Each structure stands twice: as structure tokens, then as C-alpha cells.
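Chain by chain, the residues:
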Amino acid sequence: MSNKTDSNIYTIGFAIAMVVVVGGLLAFTASALRPRIDNNERLEKQQNILYAMGVNANDESSAIFVSTKEAPELFSKYITKQLVIQGGNVTEDKEAYLIDVKKEQTSAKAGNERRLPLFVGEKDGKTFYVAPIRGKGLWDAIWAYVAMDENMVVQGAYFDHKGETAGLGANIKQRYFMDDFIGENLMSNGSFKGITVAKGNNDPKNINKDDNEVDAIAGATITGDGVSAMLKSELRQYVSFFENLKNN
């Protein structure tokens, strides 16, 4: 007499039951952890924004965020306004930092009016405008938070990536690369030009801040091209805001 557990019906039923049980456990775990995940994402965005405008714990060579415990208080202290630019309208939104840039890019491709978050900060008597941007590197997504003054001169930047090559493209999040952008002008003769990560840059010490170029990372040409494209395509969308800022 054959064992019931050897039948195909039993095997299929058991497999279905396991899928349901495991799926249920995963769903429960994801639901239970969601608040913690969301909170961690909020803290990370706050740290990134603060880093770009110079509120960080950097030592002589390393890029170091303020702690997650300090971030909410410092964010409230230094960020005076959170703006959302959509079409020709600019509105204040206290949760603009929660806007998903990737989803907004996808929405814009479908023909919708994209929302552009912009964070206004005050530090040492100076006003900073921090824009979150996103692009494509060699292997996956890259993103940045770029702090500018009213003339679209870069005051600080934080770059990160999802899967660039360690020791090569991944070095966009190293301080020596990010610091090169400080003082670089995004404009040229009154028109937006962006900043190019240039392999043939004739200014490796980055003394000339009006050439719209920074030195490339050796062996990371495609990632560097992605950074250049991201800066140009994404920050161009903020030009009208800065033009209106000067006229008002």
C-alpha cells in the first residue's frame, strides 16, 4: 500500500501550503518593519541634505554624516524651508524631503508635471539651496544632493550609488571627489552649462572654478559620464527658479 505522502496531489498541496505560510510570514515581517525602514530612510535623507550644505562630521579626509540622533534636530535648525517646484508654481511643503525623485522621473516620462523638491538652508549667515537628483551610472542608479547659492555656484555635494565598481566608480562617494565640486559654477556666460566630469581635464588641482569641469576618476569613465549627465539634465530644471529668485 502506497504512502499518501508519496502522491503528486500531496506534494503539490504541501508546496502550496508552504508558499502561503512563507508568503504570509514575509508579508507580516515587511509590515512590522515598515515603520523602522521608513524612519531610517527619512534620517538618511536628512543626513544627505545636511551633508551637502556642510553640516557634517568630516575629518581631514573622510566623508562623515552627523549621527542619526542629531539629524532631526539639526535638520530643523538649518533647513528653513522645504519647497516643491511644479511647472511655474513654487509651494512650501514640510515633507518635501519625502518626495521620491525616481517616481517623479517616471511620472514625467508619462507626460505628467514633475515635482521638484528644493531645500533652503541657512548656515553661518549664508543661504543654501539643496536639490536631490538621480541618474544612471555604469551598473545601476546613482544619485546626489547638490547645495548651490543663488547664482547656482555649487557649495557642497554628496554623491552615492547602488552598484558601481568598488575602487572605481564607487569612488564618487569619496570626499576627494565630492569636494572638487565646491565652488564650481553651473552657469557660463548667463546660460546653464552644468559640470562635466572630464577625463581630459587640464585642471587636475581644480583651481579654475569657471571651466564647468572637474577631474574624472581613473578607470571610471562611464560612471563619470553618468554623473555629468545627471548634473546637467536634473539641475537644468531648477534654472527658472533661480532666475526668478534674482528678479524678485
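Up top is the structure these notes are about.
As the structure is a prediction and not an experimental result, all values here were calculated from the model.

A. A look at a nonpolar patch on the surface. Residues Ile12, Ile16 and Val20 make up a contiguous nonpolar surface patch of roughly 300 Å² in combined accessible area. Within the secondary structure, Ile12 is located in helix H1 (residues 8–52).

B. Quick peek at the environment of Asp59. Within the secondary structure layout, Asp59 lies in the loop between H1 and helix H2 (71–78). C-alpha separation for the pair Asp59 and Arg175, spaced 116 residues apart in sequence, amounts to 10.0 Å.

C. Expanded view of unusual backbone geometry. Of note, the phi angle at Met152 is positive, near 60°, even though the residue is not glycine. Counting through the fold element by element, Met152 comes out in the loop between strand E5 (141–148) and strand E6 (154–161). Notably, Asn212 is not glycine yet its phi reads approximately 60°, a positive angle. In this structure, Asn212 sits in the loop between strand E9 (196–198) and strand E10 (213–215). Judged by relative accessible area, which is 3%, Asn212 ranks as buried.

D. Looking closely at the sheet that holds strand E3 (residues 116–123). Here we have 6 strands laid out as an open sheet, ordered E2-E1-E3-E4-E5-E6, and antiparallel in their pairing. Every other strand in the sheet has two partners, leaving strand E2 (89–92) and E6 as the edge strands with one partner each. The sheet shows a mean angle of 25° between the axes of neighbouring strands, taken without regard to direction. Relative to E2, strand E1 (residues 79–86) is paired through 4 bridges, and the arrangement is antiparallel. Among the inter-strand pairings, Ile85 is bridged to a residue of E2, identified as Val90. Together, E1 and E3 form the strand contacts of H2, whose direction differs from that of E1 by roughly 75°.

Thresholds, definitions, all that
Residues numbered from 1 in each chain as written. Predicted model: local features only at pLDDT ≥ 70, side-chain atom pairs only at ≥ 80, totals over all residues. Heavy atoms only, no water. Patch = residues over 30% accessible without salt bridge, like charges linked within 9 Å, V, L, I, M, F, W, Y side chains within 5 Å. Areas by Shrake-Rupley, 256 points an atom, 1.4 Å probe, with all protein chains shown as cover. Salt bridge = Lys/Arg side-chain N within 4 Å of Asp/Glu carboxyl O. Helix = DSSP H or I, 4+ residues; strand = E, 2+ residues; numbered from the N terminus. Buried < 20%, exposed > 50% of the residue type's maximum accessible area, 1.4 Å probe, protein only. Pairing = 2+ DSSP bridges. Axes fitted to C-alpha atoms, helices over the stretch in contact; angles between N-to-C directions. Contact = heavy atoms within 4.5 Å.

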